[in-house]
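Fold and geometry: a report
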Amino acid sequence: MSAPVTTGPDEGGDPAAPRLRDGLQRCLAVFAATRIGLFLLSVIGVGLTGVPTGQPTGVPGWAAPPMGPGWHLLFTATERQDALWFLRIATHGYRTGDSSAAFFPLYPGAIKGVSLLTFGHPLLAALLVSNACFLGALILLYDLTAREFSKDVAGRSIVLLALFPTAFFLMAPYSESLFLLLVLASFRSARMHRWGWAAVFALLATLTRSVGIVLAPALLVEAIQQWRAGGGPLTRAVAASAAP
């Protein structure tokens with residue numbers, strides 16, 4: 001991205017610029033289609049692949065749900081591998097002597113907070129967090145792409161994201177969707193010259209996944225480009241890029 005982006009009317013800028021809500025209908029449609037598709041695959045996947053029934057390997061303090069066929073797979077099919085760690089940490093916290101320290105705290109913290117609204121059901125809370133973040137990420141990606149290119153390109157971009165072979169992780173009890181949402185929010189804030197918010201979102205992204213540290217050089221490049229284009233003071237933007 002080589003030049004500062006203009007703001008829309010909701011940010012007090014050019015009325016002709018894209019608005020955040022412009023892509024809401026498309027994003028909702030893509031999200032709904034992807035979510036329904038994953039529900040269907042979750043239910044029929046065991047039958048198609050011939051996975052044997054039984055008890056898969058869990059993690060210390062959290063057992064994995066059975067792999068047998070049934071409607072429970074609508075929600076439990078993606079409760080595997082790292083998802084078990086996130087649910088364990090959200091419910092029982094970190095422990096010494098296991099691998100829990102490898103998982104950064106913001107996502108399990110969000111699960112714990114939302115589980116207060118789901119009457120103590122961490123899996124439901126995790127799915128709500130992940131799916132809400134995925135929808136939010138679609139909206140932000142559409143907005144950023146529409147500003148840089150066009151609404152047609154933005155529409156194709158969100159479809160390609162949703163159809164990517166491993167995109168199901170964005171709707172599973174994993175931290176990917178929260179991380180993607182925060183990264184996009186950070187870049188959007190930077191493009192809007194809102195460097196304070198860019199710093200906050202970048203810091204939160206780094207509290208979600210360790211790879212968030214790479215936002216620091218990326219935001220620094222954006223800060224320098226804006227400064228060279230006459231887009232504002234350099235010191236504040238550089239300080240914000242150090243947040244991760």
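In this report, we go over the structure that sits alongside the text. (Residues numbered from 1 in each chain as written. Predicted model: local features only at pLDDT ≥ 70, side-chain atom pairs only at ≥ 80, totals over all residues. Heavy atoms only, no water.)

For helix α7 (residues 176-191), with 16 residues, the first-to-last C-alpha span of 23 Å sits near the 22 Å given by 1.5 Å per residue. For α7, a buried count of 13 out of 16 residues is recorded, marking the element as mostly surrounded by other parts of the structure. The positive-phi residue at the C-terminal boundary of α7 is His193, with phi of around 65 degrees. (Helix = DSSP H or I, 4+ residues; strand = E, 2+ residues; numbered from the N terminus. Expected span 1.5 Å × (residues − 1). Buried < 20%, exposed > 50% of the residue type's maximum accessible area, 1.4 Å probe, protein only.)

On to the packing of aromatic side chains. Throughout the structure, instances matching the rule amount to seven aromatic pairs. Aromatic pair Phe31 and Phe134: ring centres 5.9 Å apart, planes at 50 degrees, arrangement tilted. Residue Phe31 is found in helix α1 (residues 24-49), and its partner Phe134 is found in helix α5 (residues 122-148); the two are separated by 103 residues along the sequence. Looking at Phe134, the relative accessible area reads 1%, which means it is buried. Aromatic side chains Phe86 and Phe103 sit 5.3 Å apart centroid to centroid with 75 degrees between the ring planes, which places their arrangement in the edge-to-face category. (Phe/Tyr/Trp six-rings, centres within 6.5 Å; stacked < 30°, edge-to-face > 60°.)

Let's shift gears to the packing of helix α3 (residues 82-92) against helix α4 (residues 106-115). At a minimum axis separation of 8 Å, α3 and α4 run at an interaxial angle of 60 degrees. Taken together, the axis directions place α3 and α4 in an arrangement best described as oblique. The handedness of the crossing between α3 and α4 comes out as right-handed. On the side of α3, the interface is formed by Phe86, Ile89 and Ala90, while α4 contributes Tyr107, Pro108, Ile111 and Lys112. Classifying every residue of the contact of α3 with α4 by side-chain character gives six nonpolar, no polar and one charged. (Axes fitted to C-alpha atoms, helices over the stretch in contact; angles between N-to-C directions. Parallel < 35°, antiparallel > 145°, perpendicular 65-115°, else oblique. Left-handed = near helix turned anticlockwise from the far one by under 90°. Contact = heavy atoms within 4.5 Å. Nonpolar A, V, L, I, M, F, W, Y, C, P; charged D, E, K, R; others polar.)

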